[in-house]
Number of protein chains: 4
Amino acid sequence: MFDLTDYKFVKKDGKMVHNLGEANSIFNQYIAEIRDVHVQSDMLRFRRNLERIGSLMAYEISKDLKYKIDNVQTPLGIAQVPVLQSNIVLATILRAGVPFHQGMLNIFDKAESAFISAYRKHNKDGSFKIKLEYMAKPDLKDKILILSDPMLATGASMKLTYEALIEEEKPKHTYLAAVIASAEGVEYVKKNFSKKNVSIWVGAIDDELTAQAYIVPGLGDAGDLAYGKKEDK
Amino acid sequence: MFDLTDYKFVKKDGKMVHNLGEANSIFNQYIAEIRDVHVQSDMLRFRRNLERIGSLMAYEISKDLKYKIDNVQTPLGIAQVPVLQSNIVLATILRAGVPFHQGMLNIFDKAESAFISAYRKHNKDGSFKIKLEYMAKPDLKDKILILSDPMLATGASMKLTYEALIEEEKPKHTYLAAVIASAEGVEYVKKNFSKKNVSIWVGAIDDELTAQAYIVPGLGDAGDLAYGKKEDK
Amino acid sequence: MFDLTDYKFVKKDGKMVHNLGEANSIFNQYIAEIRDVHVQSDMLRFRRNLERIGSLMAYEISKDLKYKIDNVQTPLGIAQVPVLQSNIVLATILRAGVPFHQGMLNIFDKAESAFISAYRKHNKDGSFKIKLEYMAKPDLKDKILILSDPMLATGASMKLTYEALIEEEKPKHTYLAAVIASAEGVEYVKKNFSKKNVSIWVGAIDDELTAQAYIVPGLGDAGDLAYGKKEDK
Amino acid sequence: MFDLTDYKFVKKDGKMVHNLGEANSIFNQYIAEIRDVHVQSDMLRFRRNLERIGSLMAYEISKDLKYKIDNVQTPLGIAQVPVLQSNIVLATILRAGVPFHQGMLNIFDKAESAFISAYRKHNKDGSFKIKLEYMAKPDLKDKILILSDPMLATGASMKLTYEALIEEEKPKHTYLAAVIASAEGVEYVKKNFSKKNVSIWVGAIDDELTAQAYIVPGLGDAGDLAYGKKEDK
């Protein structure tokens, strides 16, 4: 059997930014498909890919968590198996976050969930403000928070929702998770979340952010692609 | 092959209330499991059952929709198959509605989705008001709207969200869908939605509604059971 | 609450052949998609549709089964809910039956499963014989057997596998389930399974059966479409 | 954006044996659950865990495969994304392999599949022979073969099915995949598959193998736990 001393319950690395798309894996195929204008019309596949990306990202994040050894009784003996030591809360930003969250929940099926909504209120000149509307969350005290949003553009809505979530109780560590981030958004997170127990996990980092805060090449509007074109307020 | 004249594109019945639990089927087993206090601790199974209930209810509702015959080219010939004629919008009430909606989306994978939140703001005397917070929806004009909420207690939040959704454009028909309804809630719907293009589909109708608007025997709080205990505001 | 005397534990009808495609529902959309040569290249969707068809057919079959009332303890009271009285075995014919079976298992998650293989051994003149190779099955005595195969062409392999399955213990009732059947195959089943506790459930009945036993218009080879072109033996 | 020169299309390591259970991740939680005699009675969860283990193992194997850069057109620009260069065949051993295979297919949805059956024919003295019955497979020439079987006990049935599969065409590389292996089985594979393009991936390695070829502590009979107790032949 595996040697239990192999389990060194330490953080794997001190890095703040983890880009899963940098490593070769099937993960990038799902990123390719959700970006692809010719594949996007298949909403079932688009949502399925967001789910799969969520599952694989949750799994990679799980390598960073702490485990303890449990004695498990099998029909034939006792096995020692490491099981999760932390309580996890999967928070997601509505509405685009729902399939991404679903994928994470497929991995962490015992986790609690939080839903939160923030949207861009556009002014006539094209500028916008982030508005917070809805929040349903469990107690976060000393838990592991994974806050997911498919697109990390400026980083402003991630910051706002994070601050709203942790206003009262503080999680032990927060994993920010995005499918596609802009380079600018990643820099914003690095600057605004430093000295905090926060790391960020993304599937790809794109160079450009337009004046209207669209990531280029990006994929367009993840919410519209998953659920149909939303009417403006 | 089936005779195409068999397809009479008419409403199957004129009934406003459809209780799927009245017919014998495996559907009731899922209802039994989500009610059962001994099974509820398995969140994976609780959500899976809400999904399955959503899928089967969507399927039963689909029998009430209109179809047209398409000529489909197979590798060996041409087949005439009825395909959906309507555009469907699956609206759900947050957060408990998410797994129920997921089940419906598994059936209607080409549908658009709407998310809406309404919550009970409790006063100190135990009374409460329904508050609307978040709404993301596509254009509903002349579409089929399926508005889902796992629990139909007083019917007030269903009415409020319905009115918010249809304020600007009117759907052709609305299917209200609940897993468990109180008898009082069903009466409320019958009274308040009559003369409208609305029908209601439920999985079970329970007799009692407490002063705090809990359905008895019901199942408790569907949102807490699916996603963990929510903190009060 | 629903009146328990409503539950009349009797067979719904005496019919032997049930064609689900005759009723209007979203079910036919899935049939349309698996037939469609332009959609078939998406293997994920092809298998997903076979699964959905399996789930909906299992659900319709479940309306024909027997239930008993269970007292279920909810957090707030006792609910009376009908639960399945029968033990079910989901048998399927390899390899095309695997996604169809998966869909049925999504509905009857407590069922046992059986896998059986029969194939057409082609002679040089185009004729063929059905050969039985593999069988893994639980005890079937007095259980409900649902034997599934996506395509019912001549009916010969369904008959052979059925006879192999029930050789030692007899199930109480057998549901033969096929996605697409030929009219000739249905006649064969009616003739060869009469006087037995057997009914047949199909998603569509096609007129033609070629000399090579292909259903027309059909959909081609379900196994190849789900899993890739199989090499001949 | 990530630097394309980061993609070094080389084998990550030269190791023949990969034990995913050695690293800390949620993967081990699923291993714990399928081993646990108190959890095994939930067949839905047992199969779901085999699926999840299959998905995560397929993902880890995907890190070992080759990719090429594709230009993908998004609604807003062109993205360069690595996509899979290899053709994959997911072969599994019946019947226990079906949920494990399903999990892998959820990751590699464009893969072809092969199904093969081998069973232990027990003699009266408790000894047994591996018998091959059923095989349905696509052309394997120059493809990537992933051959999966939940339990790797002696290694004899893995070897037999491998040899049957590659008799005519040779795959470029073969990944043998097992959920739980015995230390003896792993040694057998190392000895019998060396000098071949074969590597082995497992979720746990257990110390003991009984005279009846049961892995201890193991989990019991994976096929029976997923599909119900199989009758002996």
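All of these numbers come straight from a predicted model, not from anything done at the bench.

Visitor: An account of the interface of chain C and chain A is requested, with residue identities and associated values reported.
Guide: Between chain C and chain A, the contact holds five residues from the first and five residues from the second. Interface area for chain C against chain A, summed over the two sides, is near 430 Å², with a carbon-plus-sulfur share of 52%. Counting the surface chain C buries against chain A, the share from its top three residues, Asp 42, Leu 44 and Arg 45 of chain C, is 85%. Between the two partners, chain C and chain A, sit two salt bridges. For Arg 45 of chain A, the salt bridge is made with Asp 42 of chain C, and the minimal N-O distance between the two is 2.8 Å.

Visitor: Outline the interface of chain B and chain C, listing residues and values.
Guide: Counting from both sides, the interface comprises 58 residues of chain B and, opposite them, 59 residues of chain C. Interface area, chain B with chain C, both sides summed: about 4900 Å², of which 57% is carbon and sulfur. For chain B, the biggest contributors to the area lost against chain C are Asn 24, Tyr 59 and Leu 76 of chain B; these three give 14% of the whole. Counting across the chain B and chain C interface gives eight salt bridges. Across the pair Arg 45 of chain B and Asp 109 of chain C runs a salt bridge, and its minimum N-O distance is 3.3 Å. On inspection of chain B and its partner chain C, the count reaches 24 residue pairs in polar contact (both at pLDDT 80 or more). Taken together, the elements giving at least two residues each to the side of chain B that touches chain C come down to α1 (27–35), α2 (43–62), β2 (67–73), β3 (78–84), α3 (97–107) and β12 (215–216) of chain B. Looking at which element gives the most residues to the side of chain B that touches chain C, the answer is α1 of chain B, with eight residues.

Visitor: Account for the confidence of the model for chain A, with residues named and values stated.
Guide: Regions with low pLDDT should not have their predicted coordinates read in detail. Residues and elements named next belong to chain A. Counting all residues, the mean pLDDT for chain A is 90, and 93% of those residues have values of 70 or more. Confidence drops under pLDDT 50 across residues 1–12; counting only partners more than four residues distant or on other chains, this segment forms 27 contacts. Interface confidence for the predicted complex, expressed as ipTM, amounts to 0.91; the pTM equals 0.93.

Visitor: Pulling in residues and values, what's your account of the side chain of Arg 52 of chain B?
Guide: Its location among the elements puts Arg 52 of chain B in helix α2. We classify Arg 52 of chain B as buried; its relative accessible area is 4%. Here Asp 109 of chain C takes part through its side chain, which lies 2.6 Å from a polar atom of the side chain of Arg 52 of chain B. Not counting residues within four places of it along the chain, the set of residues in contact with Arg 52 of chain B comprises Tyr 30, Glu 33 and Arg 45 of chain B, Asn 106, Ile 107 and Asp 109 of chain C together with Leu 44 of chain D.

So, how was this worked out
- Residues numbered from 1 in each chain as written.
- Chains lettered and ligands numbered in written order.
- Predicted model: local features only at pLDDT ≥ 70, side-chain atom pairs only at ≥ 80, totals over all residues.
- Heavy atoms only, no water.
- Contact = heavy atoms within 4.5 Å.
- Buried area = accessible area lost by both parts, 1.4 Å probe.
- Salt bridge = Lys/Arg side-chain N within 4 Å of Asp/Glu carboxyl O.
- Polar contact = N/O pair within 3.5 Å; in protein donor to acceptor, adjacent residues only side chain to side chain.
- Helix = DSSP H or I, 4+ residues; strand = E, 2+ residues; numbered from the N terminus.
- pLDDT = per-residue confidence, 0-100.
- Buried < 20%, exposed > 50% of the residue type's maximum accessible area, 1.4 Å probe, protein only.

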